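Residues per chain are reported as follows:
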Amino acid sequence: LGNWNIEKGGNFIFENNSFSASLGCNTFFGEVKITNGTVNFFLIASTKMGCTDQLRQLEEQFILLLENSILSFDIDENLAKLYNSNRELIFTLYR
C-alpha cells in the first residue's frame with residue numbers, strides 16, 4: 001500500500017481496496033484486490049483531460065492492461081515488479 005512511482009514515468013497510489021494512478025495527463029482510479037501475491041484492478045474510471053495523441057494511446061493501453069489481467073508481483077523493500085500470467089515483466093514500481 002502507499003505511494004509508488006512507475007519506472008518509466010507516472011505513479012500509483014494504493015489504499016485498502018482502491019487505487020489511483022497517473023501517467024502524466026489523466027488520473028485513473030478504481031478498486032483493487034491484492035491477495036496471495038496477485039493484484040486485480042476493476043471498476044476503472046478515468047478523468048478525460050486533453051492529452052497528446054501519444055500519451056492518450058499509452059493511457060488507453062495501460063487501462064486495457066489493468067482491466068484484463070490478474071497480475072502477480074514481487075516486492076523487495078522499495079521495489080515492486082508486476083508480471084502478467086506468463087511471468088513477463090509488465091512494469092516496475094519504486095519508492
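The rules behind each value
Think of each chain on its own: its residues are numbered from 1, step by step along the sequence as written. At least 70 in pLDDT is required for a residue's local features to be given in this predicted model, at least 80 for side-chain atom pairs to be given and counted, and no such filter applies to totals for whole chains, interfaces and linings, which use all residues. The basis for the side-chain values is all heavy atoms of the structure; hydrogens and waters are excluded. Stacked, tilted and edge-to-face are the three classes assigned to paired rings of Phe, Tyr and Trp, where Trp is represented by its six-membered ring and a pair needs centres within 6.5 Å; plane angles under 30 degrees give stacked, over 60 edge-to-face, the rest tilted. The rule is simple: take the accessible area with a 1.4 Å probe, protein chains only, and divide by the maximum for that residue type; under 20% is buried, over 50% is exposed, in between is partly exposed. Numbering of helices and strands starts at the N terminus; helices are DSSP runs of H or I of at least 4 residues and strands are runs of E of at least 2. Any Lys NZ or Arg CZ found within 6 Å of a ring centre and within 35 degrees of that ring's normal is scored as a charge over the ring. When DSSP finds at least two bridges between two strands, those strands are taken to pair.

K.L.:
How should I be thinking about the packing of aromatic side chains in this particular structure?
P.N.:
For any pair of aromatic rings, geometry is given as the distance between the ring centres together with the angle between the planes. Applying the stated criterion across every chain, the model contains 9 aromatic pairs. Between F12 and F19, the ring centres sit 6.1 Å apart and the planes meet at 50 degrees, which makes this aromatic pair tilted. One exposure class covers both F12 and F19, and it is buried. An angle of 40 degrees between the planes, with centres 5.9 Å apart, marks the rings of F62 and F91 as tilted. With a gap of 29 residues between them, F62 in helix 1 (residues 53-67) and F91 in strand 8 (residues 89-94) connect regions that are remote in the sequence. Exposure remark for F62: the relative accessible area of 9% places this residue in the buried category. Relative accessible area serves as the criterion here: at 10%, F91 is assigned to the buried category. Clustering of aromatic rings is evident, with ring pairs tying together F12, F14, F19, F28, F41, F62 and F91. The positively charged end of R87 is found above the aromatic ring belonging to Y83, 3.9 Å away from the centroid.

K.L.:
Is there a simple way to explain the pairing of strand 8 in this structure?
P.N.:
Moving residue by residue along a regular strand, the side chains alternate between the two faces of the sheet. By the bridge criterion, 2 bridges tie strand 1 (residues 2-6) to strand 8 in an arrangement that is antiparallel. Among the inter-strand pairings, N5 is bridged to a residue of strand 8, identified as Y94. Note that strand 7 (residues 79-83) and strand 8 share 5 bridges and pair antiparallel. Bridging from a neighbouring strand, A80 pairs with L93 of strand 8. Between strand 7 and strand 8, which pair antiparallel in sequence order, lie 5 residues; one of them, R87, sits at a positive phi of approximately 60 degrees.

Coordinates in, geometry out; function isn't part of it.
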